[in-house]
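# Notes for the structure review
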Amino acid sequence: RKAGGLLMLEWLKPGGEPASGRRVIVLPRGDEPLGYLSLLEGGEFVADRVFRRIDARLKQAVGVDRVRVILEEHVPISKQDEETAVALAFWEMALHDQELRALFRDKYRRWRDYLRLELGPLLPDLAPDALDRRVDLAVAMADGLLVTFALDGKNYRQLDRRAILDDLMALLGLEDRKAKAA
């Protein structure tokens, strides 16, 4: 389980033969498999890796850029195909598996808490229920962008992806806050 490893999905039977049983494989770049992780373990591994990146980047960010960091780490602005593949497979399996759904809810609760913590001070006039709806909007739109960029990524240059994220920030009510801070 090296943090620098490349995550790859492979559809296997419990005995390791190709089939519909889903497993996540962690590979160091260009080497032999380190071993198999269940989708539950793989989902946990990817989520923890993303949250570590968020925490590291938040140390350098201020104001609305802190919200941008949280959203950028969820939306594939720069290439992170292996994480996107695990996320999409994890979502699909969480529809049918209670244990995966519980992990999904736990990680999304954490992500929503990050957004709520950063959006609250930036949007102080919002009532708590309105703030929760703003967080829901951010999550829903970021999820939509994740799927769109993953499935139709060739039609969105990195510059376009950043502009779309700028538009999302404006819809959240953060565009004016950045201009006022400058």
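Everything below is about the structure shown above.
Right, let's walk through the structure included here. Predicted model only: the values in this text are computed from it and were never measured. (Residues numbered from 1 in each chain as written. Predicted model: local features only at pLDDT ≥ 70, side-chain atom pairs only at ≥ 80, totals over all residues. Heavy atoms only, no water.)

## Overview of the side chain of H74
By the element assignment, H74 lies in the loop between helix 2 (64-72) and helix 3 (81-94). Within polar-contact distance, the side chain of H74 engages the side chain of D143 at 2.6 Å. Other than its neighbours up to four places away in sequence, H74 contacts W91, Y108, W111, A142, D143 and L146. (Helix = DSSP H or I, 4+ residues; strand = E, 2+ residues; numbered from the N terminus. Polar contact = N/O pair within 3.5 Å; in protein donor to acceptor, adjacent residues only side chain to side chain. Contact = heavy atoms within 4.5 Å.)

## Observations regarding the packing of helix 2 against helix 4 (residues 98-122)
Packed helices, taken two at a time, are described by the angle between their axes plus the distance between the axes. As a packed pair, helix 2 and helix 4 sit with axes 9 Å apart at the nearest point and diverge in direction by 160°. With respect to their mutual orientation, helix 2 and helix 4 come out roughly antiparallel. Between helix 2 and helix 4 lies a crossing whose hand is left-handed. Along its contact with helix 2, which presents V64, R66, V67, I70 and L71, the element helix 4 presents W111, Y114, L115, E118, L119 and L122. In terms of residue class, the contact of helix 2 with helix 4 is made up of nine nonpolar, no polar and two charged. (Axes fitted to C-alpha atoms, helices over the stretch in contact; angles between N-to-C directions. Parallel < 35°, antiparallel > 145°, perpendicular 65-115°, else oblique. Left-handed = near helix turned anticlockwise from the far one by under 90°. Nonpolar A, V, L, I, M, F, W, Y, C, P; charged D, E, K, R; others polar.)

## So, the packing of helix 4 against helix 5 (residues 128-151)
Packing of helix 4 against helix 5 brings their axes to within 10 Å, and their N-to-C directions diverge by 125°. Put simply, helix 4 runs oblique to helix 5. Two packed elements cross with a definite hand, and for helix 4 against helix 5 that hand is right-handed. Side by side, helix 4 and helix 5 meet where Y108, W111, R112, L115, R116, L119 and G120 of the first sit next to L131, D132, R134, V135, D136, A138, V139, A142 and D143 of the second. By residue class, the composition of the contact of helix 4 with helix 5 is nine nonpolar, one polar and six charged.

## Description of the pattern of salt bridges
This model, assessed by the stated rule, comprises 14 salt bridges. For R116, the salt bridge identified is with D113, shortest N-O distance 2.9 Å. Of this pair, R116 and D113 both sit in helix 4, three residues apart, roughly one helical turn. What makes R116 partly exposed here is its relative accessible area of 26%. Connected through shared salt-bridge partners, R53, R57, R68, E72, E73, R162 and D166 make up one network. (Salt bridge = Lys/Arg side-chain N within 4 Å of Asp/Glu carboxyl O. Buried < 20%, exposed > 50% of the residue type's maximum accessible area, 1.4 Å probe, protein only.)

## Description of the packing of aromatic side chains
If you walk through the whole model with that rule in mind, you get three aromatic pairs. Arranged with centres 4.4 Å apart and planes meeting at 25°, the rings of F104 and Y108 form a pair that is stacked. With F104 and Y108 both in helix 4 and four residues apart, the pair spans about one turn of that helix. Overall, F104 belongs to the partly exposed group, its relative accessible area being 26%. Taking relative accessible area as the criterion, Y108 reaches 10% and is therefore assigned buried. Both rings, one in Y108 and one in W111, keep their centres 5.4 Å apart while their planes meet at 75°; by these two values the pair is edge-to-face. In this pair, Y108 and W111 are both assigned in helix 4, three residues apart and thus about one turn of the helix distant. Overall, W111 belongs to the buried group, its relative accessible area being 4%. Linked through ring pairs, F104, Y108 and W111 together constitute an aromatic cluster. (Phe/Tyr/Trp six-rings, centres within 6.5 Å; stacked < 30°, edge-to-face > 60°.)

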